[in-house]
Amino acid sequence: MSNISPEEMAAESEDLLNSVFESIRDLRRELQDLRHRVRHGEDIDKTADVRTVASAIALLETCQKVENRLAECRNKSRGAVRGSIAFDLEKARADIAGKLDRIRAACVAGAIPE
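Residues numbered from 1 in each chain as written. Predicted model: local features only at pLDDT ≥ 70, side-chain atom pairs only at ≥ 80, totals over all residues. Heavy atoms only, no water.

Scanning the protein from N- to C-terminus turns up 3 helices and 0 strands. Taken from the N to the C terminus, the helices and strands of the protein come in the order α-α-α. Burial analysis of the protein (114 residues in total) assigns 16% to the buried set. Relative to all contacts within the protein whose residues are 6 or more apart in sequence, the contacts with residues 24 or more apart total 63%. Working note: accessible area of the protein is about 9400 Å², and carbon and sulfur atoms make up 55% of it. (Helix = DSSP H or I, 4+ residues; strand = E, 2+ residues; numbered from the N terminus. Buried < 20%, exposed > 50% of the residue type's maximum accessible area, 1.4 Å probe, protein only. Contact = heavy atoms within 4.5 Å. Areas by Shrake-Rupley, 256 points an atom, 1.4 Å probe, with all protein chains shown as cover.)

So this is what it looks like as structure tokens:
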């Protein structure tokens, strides 16, 4: 399994999401056609129409998965992992460097026994 960056993962997810949106548009047309036929008392093909409804349900599930994947990508790119708070690594480095400088200065001044 190769490691891909959060940005690459997000780009792949956005491509997948665009594909899902296109499928939704097609499915919406089919569902509108089905609704039109039912309202006007036209004959309906139950097998094909059940397939259309099943496709709608499956597509909704796919949308939820893609949305979750995009949220995960966004969190990773911000530094958040599994619901944890995102860390500002630059600020953390600066804080640690400052504390190390104070410790070094205290050691030179003899304030901290070795």
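A few words on the nonpolar core. Grouped together as the largest cluster of nonpolar side chains are 8 residues: Leu 17, Val 20, Leu 27, Ala 56, Leu 59, Cys 63, Val 66 and Leu 70. Mapped onto this core, the elements with two or more residues apiece are α1 (6–39) and α2 (46–78). With 5 residues, α2 is the single largest residue contributor to this core. In contact with Leu 27, not counting residues within four places along its chain, are Thr 52, Ser 55, Ala 56 and Leu 59. (Core = buried A, V, L, I, M, F, W, Y, C linked by side-chain atoms within 4.5 Å.)

A separate point is a nonpolar patch on the surface. Taken together, the side chains of Leu 31, Val 53 and Ile 57 define a hydrophobic patch exposed on the protein surface, amounting to about 230 Å² of accessible area. Summarising the element assignment, Leu 31 is placed in helix α1. When its relative accessible area of 32% is taken as the criterion, Leu 31 is described as partly exposed. (Patch = residues over 30% accessible without salt bridge, like charges linked within 9 Å, V, L, I, M, F, W, Y side chains within 5 Å. Salt bridge = Lys/Arg side-chain N within 4 Å of Asp/Glu carboxyl O.)

Along the chain, Thr 52 turns up in helix α2. Take Thr 52: its relative accessible area is 9%, and that puts it in the buried class. A distance of 3.4 Å separates a polar atom in the side chain of Thr 52 from a polar atom in the side chain of Glu 30. Excluding its chain neighbours within four sequence positions, the residues that come into contact with Thr 52 are Leu 27, Glu 30 and Leu 31. (Polar contact = N/O pair within 3.5 Å; in protein donor to acceptor, adjacent residues only side chain to side chain.)

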